[in-house]
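# Structure at a glance
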Amino acid sequence: MQILHPFAGSVQQYNEQLSNPDAHRPGSCPQCRTKHPLTAHGFYTRTLIDTAFDGSIRVRRYLCHACQRTVSLLPEFILPYLRSSLTVIAAFLIARLLLAQTLKTAAPPPTPYQRGQFWMRRFRAHAEALCAALAALTQPTPARDFVHRALTMLESTGWIAAHRFLFGGVRCHLLGWPRGLAPDSRRATFSSAGAPA
Ligand SMILES: [Zn+2]
């Protein structure tokens, strides 16, 4: 299970504080709810592209001895399953969809053209659901469509704060879960795949 690392700062500051497993050690298990601090259980490595960073970062893992499952602490500037940071994606979506800049201006290298198109496609498909979820945080604003309304709501809430609420609170992905990876649809996907036609 992935939970968010309550960390605000740069990628470099994130890397520097990773050596201390006690800094953000979960005091209880988010999966089985056992009220016992989790045990540090190494790291996994993932790639990240941020405004001033392009490389690998480590993500700390903890183990719950009660249920034998691991919990990884994903930094808040990262969206699950996406390589670019939330800051990079947010800047692109604002430039392209709210300010109507050209793709070339909105996605300066190294953001590849296809990646920008992919974010837009997912954001458009998910915008209506996003507006409904974000209404718990901020007043919906009049806008000409759900895409513009969602972007305005994200700007007023703050993208990281919105991500913290969506992912931590309601297990919702800011760009929508990729097919088959939603935490709640996983079981449904498997059982329907195995069900007789
Ligand atoms: Zn547990």
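Just so it is clear, the model here is predicted, and its values are computed rather than measured. Once a new chain begins, its residue numbering starts again from 1 and follows that chain's sequence as written. Local features in this predicted model are restricted to residues of pLDDT 70 or higher, and side-chain atom pairs are both shown and tallied only at a pLDDT of 80 or more, whereas totals for entire chains, interfaces and linings draw on every residue.

To continue, consider the nonpolar core. Connectivity within a nonpolar core runs through C-beta atoms within 7 Å, and the core itself is a set of buried Ala, Val, Leu, Ile, Met, Phe, Trp, Tyr and Cys residues. Residues with at least 20 neighbouring C-beta atoms inside 10 Å of their own are called buried, those with 12 or fewer are called exposed, and the rest are partly exposed, where every C-beta is derived from the backbone. Membership of the largest hydrophobic core comes to 34 residues, with the highest contact counts inside it found for Leu 79, Leu 86, Ile 89, Leu 93 and Ala 150. Put simply, the parts of the chain that give this core at least two residues each are α1 (11-17), α2 (86-98), α4 (113-134), α5 (146-157) and α6 (159-170). Labels follow the DSSP assignment, with helices taken as runs of H or I lasting at least four residues and strands as runs of E lasting at least two, numbered in each case from the N terminus. No other element matches the 7 residues that α2 contributes to this core. Domain start and end points were adopted from an automatic or database domain assignment. Split by domain, this core shows at least three residues from each of two domains, domain 1 (2-75) and domain 2 (86-170).

Helices are assigned an expected span. That span is 1.5 Å times one less than the residue count. Helix length check: α6 (12 residues) gives 15 Å between terminal C-alpha atoms against 16 Å at 1.5 Å per residue, within 8%. Listed in full, the buried residues belonging to α6 are Trp 159, Ala 162, His 163, Leu 166 and Phe 167. Summarising the axial view, the buried residues of α6 lie within an arc of 110°, below the 170-degree limit, and thus occupy one face. Contact criterion: two residues are in contact if their C-beta atoms, reconstructed from the backbone, are within 7 Å. Each element contacted by the buried residues of α6 is listed here: β1 (2-5), α2, α4 and α5. Just past α6, the residue Arg 171 takes up positive phi, approximately 55°. In this description, one arc is meant: the one made by directions from the helix axis to the C-beta atoms.

This part is about the domain arrangement of the protein chain. Each domain of the protein chain was delimited in the assignment, giving domain 1 (2-75) and domain 2 (86-170). The C-alpha centroid of domain 2 is placed 25 Å from the C-alpha centroid of domain 1. Opposite the 6 residues of domain 1 that make contact, domain 2 presents 6 residues. Among the elements of the structure, β1 and β2 (39-50) are those that each provide at least two residues to the side of domain 1 that touches domain 2. Counted by class, the side of domain 1 that touches domain 2 contains 3 nonpolar, 1 polar and 2 charged residues. Polarity classes work like this: nonpolar for Ala, Val, Leu, Ile, Met, Phe, Trp, Tyr, Cys and Pro, charged for Asp, Glu, Lys and Arg, and polar for all others, with Gly in that last group.

This part is about the packing of α2 against α5. As a packed pair, α2 and α5 sit with axes 11 Å apart at the nearest point and diverge in direction by 140°. By the criterion of interaxial angle, the relationship of α2 to α5 is oblique. As for the relative orientation of α2 and α5, their crossing is left-handed in sense. Each of Leu 93, Ile 94, Leu 97 and Leu 98 in α2 lies in contact with α5, whose residues at this interface are Val 147, His 148 and Leu 151. With axes taken as lines fitted to C-alpha atoms, and helix axes fitted only over the stretch in contact, angles between N-to-C directions fall between 0 and 180 degrees. Under this scheme an angle from 65 to 115 degrees is roughly perpendicular, one under 35 degrees roughly parallel, and one over 145 degrees roughly antiparallel; angles in between are oblique. Here a crossing is called left-handed whenever its near helix is offset anticlockwise from the far helix by less than a right angle, and right-handed whenever the offset is clockwise.

Another point: unusual backbone geometry. Here the phi dihedral of Gln 68 falls at roughly 60°; this positive angle occurs in a residue that is not glycine. Overall, Gln 68 belongs to the exposed group, with 9 C-beta atoms counted inside 10 Å. A positive phi angle, near 70°, is found at Tyr 81, a position not held by glycine.

Strands are labelled as partners when DSSP assigns at least two bridges between them. Judged by pairing direction, the sheet is mixed, and its 4 strands sit side by side in the order β1-β4-β3-β2 without closing on themselves. Looking at which strands have only one partner, the edges of the open sheet turn out to be β1 and β2. Each neighbouring strand pair of the sheet contributes to a mean axis angle of 30°, computed without reference to strand direction. In the sheet, β2 pairs with strand β3 (residues 53-63) via 10 bridges, with the strands oriented antiparallel. Of the residues in β3, the one forming a bridge with Thr 47 is Ser 56.

Of all the bends in α4, the greatest measures close to 55° and is centred on Ala 127. Buried within α4 we find Gly 116, Trp 119, Phe 123, His 126, Ala 127, Leu 130, Cys 131 and Leu 134. In this structure, the buried side of α4 is in contact with α2, α3 (103-106), α5 and α6. Note on bend: at a given residue it equals the angle between the axes fitted to the 7 residues ending there and to the 7 starting there.

Before going further, it helps to spend a moment on the pairing of strand β4 (residues 70-75). Sheet topology places β1 next to β4; 4 bridges connect them, and they run parallel. Residue pairing across strands places Ile 3 opposite Leu 73, the latter belonging to β4. Hairpin connection, β3 to β4: the antiparallel pair is bridged by 6 residues, and Gln 68 has positive phi, about 60°.

Inspection of the secondary structure puts Ser 10 in the loop between β1 and α1. Sequence spacing of Ser 10 and Leu 74 is 64 residues, and the spatial spacing of their C-alpha atoms is 14 Å.

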